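Examining the three-dimensional arrangement
Spelled out, the chains give:
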Amino acid sequence: MPDRPQGPGFRARVGPPSRRTRVLLLTAGVLAVLFLLFVMFAGLWTDWLWFKSLHYSSVFTSQLWTKVGLFAVFGLVMAVVVGVNVWLAHRLRPPLAAMSVEQQSLDRYRMGVAPYRKWLLIGISLLTGLVAGAAAAGQWRTWMLWTNQTPFGVKDSQFHLDVSFYAFELPWYEFLLGFAFSAVIVSLLAAALVHYLYGGLRLQGPGRKASPGAQGHLAVLLGVFVLLKAVAYWLDRYALAVKTGAYKGVDGWTGLRYVDANAFLPAKTILFFVAIICAALFFLTPIRKTWAPALIGFGLMALSAVLIGGLYPAIVQQFQVKPNEQAKETPYIQKNIDATRQAYGIAGSETQQYAPKASTSTEALKQDAQTIADIRLLDPNVVSPTFQQIEQQRSYYKFPKTLDVDRYNNGQIGGQDTVIGLRELDLNGVQQRNWINDHFKYTHGYGVVSAKGNQVNDKGQPVFTESGLPSTGSLGDYQQRIYYGEETKTYSIVGGSNEEIDYSTDGGDKTYKYTGEGGVSLDNPFTRAAYAVRFAEPQILYAGAITDGAKVLYDRTPKERVEKVAPWLSIDADPYPVVQDGKLVWVLDGYTTSDGYPFASKTTLGDVTKDSLTDQRGRTLTTVNKVNYIRNSVKATVDAYTGEVTLYQWDDADPVLKTWMKAFPGTVEAKDKIPATLMPHLRYPQDMFKVQRDLLGQYHMTDANSFFNGTDIWQVPVDPTTNTGEVQPPYYMTVRMPDPAVTQASFSLTTTFVPSKRDNLAAFMAVSADPGPEYGKIRILKVPGDSNTLGPKLVQSQFNSNADVANKLNTLKIGGDSEVEYGNLLTLPVGGGLLNIEPVYVRGRGANYPVLQKVLAVYGNDNVAFEDTLEKALTKVLGNATATTPTAPTTPGTTPTTPTNPTTPTTGNAAQQQAVADAQKAFGDMEQARKDGDWAKYGEAQKALKAALDAATAAAQQKAG
């Protein structure tokens, strides 16, 4: 058919689209809606399958149905309340609108709305219901805490209510109050609009501005609003106990102060009764047919809020508190101190005076033999490139930037400090990147690499206890394949007939087929389609490489797996690997938190856990911005091969954990279910310790008067070994605190403090990190303020300003060809003084990794050593005392070697040999008793070990004489 001419007289067809066009548009619209629905469903479906594969489906369903229930109930309530008020406003409209210009202009709107009145009512109700329901669904944690609450057994010092009221009940009541306010305000606005539209409210013209119906309706709504305000005043009384502000240098100061207890609290009570009276006046308005009493009452209520709730407290603060602030505030400061120390688990910390000596003696060093023996030379934050260079083996493997410190000694508690890292998969090192290689062939890392923490070889390199590919060494046989790890951040499809790259040797690649239980089956085509949508990868739907039995592995980092199955936990930023029972697992520490502990100051986890290593370790995340209660309540494991997640109850007295265990029954195993082979590797978590040390910088002062004057505020020192300007991280070390009750060194987490805005040392703090009766015990050594003991910055300065050290450093740098890297600066209480040790690494030109070349040691303020080995450095700073220092027993069955180990036992006579043998036996008995939980035998073994060490000292002295 020839084209129609489109000349001057041509007119295009105008009108509704053709039937064919309408069908096409309708079909396209239906398909688009179906696709969007499938995308939404795919997310839910794949999440369900993921939780089901881990046997945590109850977590998914509990969250889902709680959210759905809250959405439905509160959405329906909001829709009904708003809808009824809109309907009522229309029902109460005057029969005839007054004749006025205003009403005439509204006629066309009334006429336009009339045909759609029913649908507008439904639409407005649904819209407000959807918004309210979505907001309510986000309160699922608040609901679960309220319905499953467990008493704390502790009452606040003001209202004498159990802490659970503030932690679990008050947040829910405040949400309900906020919801009720929203419903009344939306209803009030919608009703006023309808009344205005239909003439019930008028802005122009003579006579009454509101019809009787509109007046009564709006008066009741305003009365409900004022009544809710009365409830708010009453709840505000209790909210004063968790009110936060800045005071005495504490940004998150929480709880009542003098003006709160003596001005705001009575003011809230008075305003409560005033609001009740005002609400009654509004409710009487439809009967009295006048607004005057209600409006006068409302004005008086507003005036009372200004005078009683604002002006009166200001007068009290100015004329009662300020002239004698210390006397007025001291009782409330004491309440804050006591509550804060209890809420953060630092109430049991012990502080003792410690005046460090400038020199020491053999006798003084005797009890610190094991501390000296286990001084960690290998810095896990520096040697990752060394592990990478020596033990990477293949370009598609990598180690984390920061390695971990653990203990290994035949599976017993108190073993040798060991630096450990996993050879994880790094797809960036794969030579040929494509979809098959990325997701089917290169699927897992392989093997553990570990090294002694207190030794290096004659080249300054780690002394490996587990190495090679496959890894071999002291850890025995275990499943070495790492399908789940910190660096594993993409999905893999395994199983079926898929042959994965297992590891490579000189003879070629070894292949492997995954046989673990982890992952979600892709045998169902519908499931494959859902994952194709989830990963935005259509090939999953039709790829021939996916055969029967194939599984998809995803969400593979340990932290995200635990956060997903336990969304009520905050997870420590540093998971660490453990070899136990023939398998490799990641261990994670989980924290329960609350921001509702009365009088306890609040802190932000992300801020106080930040240090010079944060960018390497990661950050702690929490579902609450600020918290004022924290417990390390859960120890979690993630199997590196199967991805299995197991949660163990660690703090069986934590009411927050008990509440969540009620909310998600069966998800947390009892503490006695922790495997005996795993227990020795559990440790006190770093992020918890960093929160506590941040608080103890000020809350070590338990006297309110001292706190008020702020004469002894500490802060964590800036890390002098880096240029980040961030504070020092805490360090895991084996150390004995100089306490008469402590006879044995233990694996501990340590830190130092300096006075506020000064660089000398204020205190040394350690917490026992080994599981056992001393676990979590915080001990603080407070240094006299006039001792001028060197803090970390001054130690580093002493090191840098020493002429001999400077000359040796220039030699190491060789005219700029080499780069010097400083390891962790460790501070240890030894022999009545403080010993500072810092390994110094050198990275030669063109070298990819640092090696330990020198050791810095400082004892006292002036005694500086910069030597090739730790033994030489200790000899220089400790003098003759080290010559007869008794040695801690080595791990049975091992031979102590390497030139940098300062504690290699030498047996020059029969007495020494027998003493060393007795010490080894006592040490083994002690660790076996700890493993068995027999603390009576443990104490006996400790005494035997001390006797053996004394005998070794006596034998050495006799030989020297």
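Here's what I pulled together on the structure shown here. All figures in this text were calculated on a predicted structure; none of them were measured in a lab.

Observations regarding the packing of aromatic side chains
Within this structure, the stated rule accounts for 54 aromatic pairs. Each ring, one from F165 and one from Y173, has its centre 6.4 Å from the other, and the planes form 55°; the classification is tilted. Overall, F165 belongs to the buried group, its relative accessible area being 13%. Judged by its relative accessible area of 28%, Y173 falls in the partly exposed class. Pairing W568 with W660 gives two aromatic rings, centres 6.0 Å apart and planes at 15°, and the pair type is stacked. Remark: W660 occurs in helix α20 (residues 655-663) and W568 occurs in the loop between α17 (558-565) and β18 (570-571); sequence separation between them is 92 residues. When its relative accessible area of 4% is taken as the criterion, W568 is described as buried. Note on W660: relative accessible area 4%, which makes it buried. The ring of W234 has R237 lying over it, and the distance from NZ or CZ to the ring centre is 4.1 Å. A cation over an aromatic ring shows up here: K635 above the ring of W650, its NZ or CZ 5.2 Å from the ring centre.

Overview of the pairing of strand β22 (residues 645-649)
Of all five residues that make up β22, five are buried, and the element is covered over most of its length. Neither face of β22 is open: one carries V645, L647 and Q649, the other T646 and Y648, and all of them are buried. Connecting strand β21 (residues 629-639) to the next strand, β22, in antiparallel fashion are five residues, including G643 with a positive phi near 80°. Pairing of β22 with strand β23 (residues 668-669), which is carried by two bridges, proceeds in the parallel orientation. Bridge pairing in β23 links L647 to V668. You can see the chain leave β22, run along α20 and come back into β23, and the turn it takes is right-handed.

With respect to the pattern of salt bridges
Counted under the stated rule, the structure contains 31 salt bridges. As a salt-bridge pair, R433 and D438 come within 2.8 Å of each other at their nearest N and O atoms. For R433, a relative accessible area of 44% gives the class partly exposed. Residue K782 is joined to D712 by a salt bridge in which the shortest nitrogen-to-oxygen separation is 2.8 Å.

Details of the environment of Y648
Secondary-structure assignment places Y648 in strand β22. Residues Y648 and T637, 11 residues apart in the sequence, show an inter-C-alpha distance of 8.4 Å. Not counting the four nearest positions on each side in its chain, Y648 is found in contact with S633, V634, K635, T637, V668, E669, A670, K673, I674, P675 and L678.

Procedures and definitions
- Residues numbered from 1 in each chain as written.
- Predicted model: local features only at pLDDT ≥ 70, side-chain atom pairs only at ≥ 80, totals over all residues.
- Heavy atoms only, no water.
- Phe/Tyr/Trp six-rings, centres within 6.5 Å; stacked < 30°, edge-to-face > 60°.
- Buried < 20%, exposed > 50% of the residue type's maximum accessible area, 1.4 Å probe, protein only.
- Helix = DSSP H or I, 4+ residues; strand = E, 2+ residues; numbered from the N terminus.
- Lys NZ or Arg CZ within 6 Å of the ring centre and 35° of its normal.
- Pairing = 2+ DSSP bridges.
- Right-handed = clockwise from strand over helix to strand, strands pointing away.
- Salt bridge = Lys/Arg side-chain N within 4 Å of Asp/Glu carboxyl O.
- Contact = heavy atoms within 4.5 Å.

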